[in-house]
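A structural walkthrough
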Amino acid sequence: VQLQASGGGLVRAGGSLRLSCVVSGRTFSSYAIGWFRQAPGKEREFVAAISWSGGTTYYADSVQGRFTISRDNAKNTVYLQMNSLKPEDTAVYYCAAAVIDRSWYDLLQGLVGYWGQGTQVTVSS
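Summarised in this report is the structure supplied together with it.

How each quantity is defined
Residues numbered from 1 in each chain as written. Predicted model: local features only at pLDDT ≥ 70, side-chain atom pairs only at ≥ 80, totals over all residues. Heavy atoms only, no water. Salt bridge = Lys/Arg side-chain N within 4 Å of Asp/Glu carboxyl O. Helix = DSSP H or I, 4+ residues; strand = E, 2+ residues; numbered from the N terminus. Buried < 20%, exposed > 50% of the residue type's maximum accessible area, 1.4 Å probe, protein only. Disulfide = S-S within 2.5 Å. Pairing = 2+ DSSP bridges. Axes fitted to C-alpha atoms, helices over the stretch in contact; angles between N-to-C directions.

What follows covers the pattern of salt bridges. Under the defined criterion, the tally for this structure stands at 4 salt bridges. Here Asp-89 ties to Arg-37 by a salt bridge, and the two come within 2.9 Å at their closest N and O atoms. Highlighted residues: Asp-89 in the loop between strand 8 (77-82) and strand 9 (91-97) and Arg-37 in strand 4 (residues 33-38), separated in sequence by 52 residues. We classify Asp-89 as buried; its relative accessible area is 1%. Between Arg-66 and Asp-89 there is a salt bridge, with its nearest N and O atoms 2.8 Å apart. Pair noted here: Arg-66 is in the loop between strand 6 (57-59) and strand 7 (67-72) and Asp-89 is in the loop between strand 8 and strand 9, with a separation of 23 residues, a long-range link. In terms of burial, Arg-66 and Asp-89 fall into one category: buried. When salt bridges that share partners are traced, they join Arg-37, Glu-45, Arg-66 and Asp-89 into one network.

Structure below.
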């Protein structure tokens, strides 16, 4: 399984960005997918996760109500819509997949099967 993240950029506080994560492989719908981020000098942290079917989503408290994770299984793609961005959202954002057939809850616990490369998000004040 390979994951390719894109969509990062520079945006002003209050603005929006949409990140995409394209996942290779024919069993995309068997993987829970999540987003993590790492700011300079800080540890990587969980942001959001979505179940195989897309029926369950979970967010970190810091992004709840501002970010929305979704997936299109026909396109092997997971999205992270980020609204009302704040300077503290500045980080490198990574998409990740749980081990096949495992729950999104594994991602919440940091049990990642596969990592994608990061995409930089910078929010100016």
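With that out of the way, let us pick up the state of the cysteines. Enumeration over the complete set of coordinates arrives at 1 disulfide. Linked covalently through their sulfurs, Cys-21 and Cys-95 form a disulfide whose S-S length is 2.2 Å. Residues Cys-21 and Cys-95 share a disulfide whose torsion about the S-S bond is about 70°; that sign makes it right-handed. With Cys-21 in strand 3 (residues 17-23) and Cys-95 in strand 9, this residue pair connects regions lying 74 residues apart in the sequence. The burial state of Cys-21 is the same as that of Cys-95; both residues are buried.

The strand order across the open sheet built from 4 strands is 1-3-8-7, with neighbouring strands paired in antiparallel fashion. Strand pairing shows two members of the sheet lacking a second neighbour, strand 1 (3-6) and strand 7, which therefore form its edges. Across the sheet, the mean angle from the axis of one strand to that of its neighbour is 15°, orientation sign disregarded. As judged from the 6 bridges shared by strand 3 and strand 8, these two strands associate in the antiparallel manner. Residue pairing in the sheet places Leu-19 in a bridge with Leu-80 of strand 8.

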